[in-house]
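What follows is the residue order along each chain.
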Amino acid sequence: MIIVFKDLLNNHRKRIGATGGPRDIAPFDYASLRKRFSRAYMANNGYDLALANKQLDAGAADLIAFGKPFISNPDLVERLKQGAPLNEWDKNTFYGGGAKGYTDYPTLGAKQAAE
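Residues numbered from 1 in each chain as written. Predicted model: local features only at pLDDT ≥ 70, side-chain atom pairs only at ≥ 80, totals over all residues. Heavy atoms only, no water.

### A look at the overall build of the protein
For the protein, the count of helices and strands is six helices and two strands. Listed by position from the N terminus, the elements making up the protein come as α-α-β-α-β-α-α-α. Taken across its 115 residues, the protein has 24% of its residues classed as buried. Restricting to contacts in the protein with at least 6 residues of sequence separation, those with at least 24 account for 33%. Entry remark: accessible area of the protein is about 8,300 Å², with carbon and sulfur atoms responsible for 55%. (Helix = DSSP H or I, 4+ residues; strand = E, 2+ residues; numbered from the N terminus. Buried < 20%, exposed > 50% of the residue type's maximum accessible area, 1.4 Å probe, protein only. Contact = heavy atoms within 4.5 Å. Areas by Shrake-Rupley, 256 points an atom, 1.4 Å probe, with all protein chains shown as cover.)

Written out as C-alpha cells, the structure reads:
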C-alpha cells in the first residue's frame, strides 16, 4: 500500500506540481483513495482554517498540514483560535540557508505590543 501511495503521490506531483498546485484538477480520485486508506489521512496544499474544518467535518481527512502559514506564524495555533490575522510569508527566504524568514516573523503578542 505504501508503494502504491508513493507512486500516486509522485504521479500527482508530475501532473499538477508540488505544493501550491490547483485544487480543481486532480490526476486521481482523492475521495476514493481516502476510503481505501485505513490509517490516519493527512491533507495539505494551501488550506486555511475554514477549508481545513470543512474537510475534517466531512471526514475527507483526519488532520491537515499547514506548511507556509507555520513558517510565517510561529504562533499559528493561537492565531487560528483567536481568528487573528496571519503574517504573510516571504517565499524569497524559503530554503535560503539563513535565519531570515524562519526566525524573524513576529508573534501575535509582539505585534500587538508594537501597535
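### Comments concerning the pattern of salt bridges
According to the stated counting rule, one finds two salt bridges in the structure shown. With its nearest N and O atoms 2.9 Å apart, the salt bridge here joins arginine 34 to aspartate 62. In this pair, arginine 34 is assigned in helix H2 (residues 30-36) and aspartate 62 in the loop between helix H3 (49-57) and strand S2 (63-64), connecting sequence segments 28 residues apart. With a relative accessible area of 41%, aspartate 62 lands in the partly exposed category. A salt bridge links arginine 79 to aspartate 75, with the shortest nitrogen-to-oxygen separation between them at 2.7 Å. For aspartate 75, a relative accessible area of 17% puts it in the buried group. (Salt bridge = Lys/Arg side-chain N within 4 Å of Asp/Glu carboxyl O.)

### A few points about the packing of aromatic side chains
The description of an aromatic ring pair rests on the distance of the ring centres and on the angle between the ring planes. Under the counting rule described, the total for this entry stands at one aromatic pair. Centroid distance phenylalanine 37 to tyrosine 41: 6.3 Å. Interplanar angle 65°. Geometry classified as edge-to-face. Residue class for phenylalanine 37 comes out partly exposed when judged on its relative accessible area of 22%. (Phe/Tyr/Trp six-rings, centres within 6.5 Å; stacked < 30°, edge-to-face > 60°.)

### What about H3?
Among the residues of H3, the N-terminal cap falls to aspartate 48, whose side-chain oxygen and the backbone nitrogen of alanine 50 are separated by 3.3 Å. One or two positions beyond H3, positive phi appears at glycine 59, with a value near 75°. (Polar contact = N/O pair within 3.5 Å; in protein donor to acceptor, adjacent residues only side chain to side chain.)

Any link to function would need more than the numbers given here.
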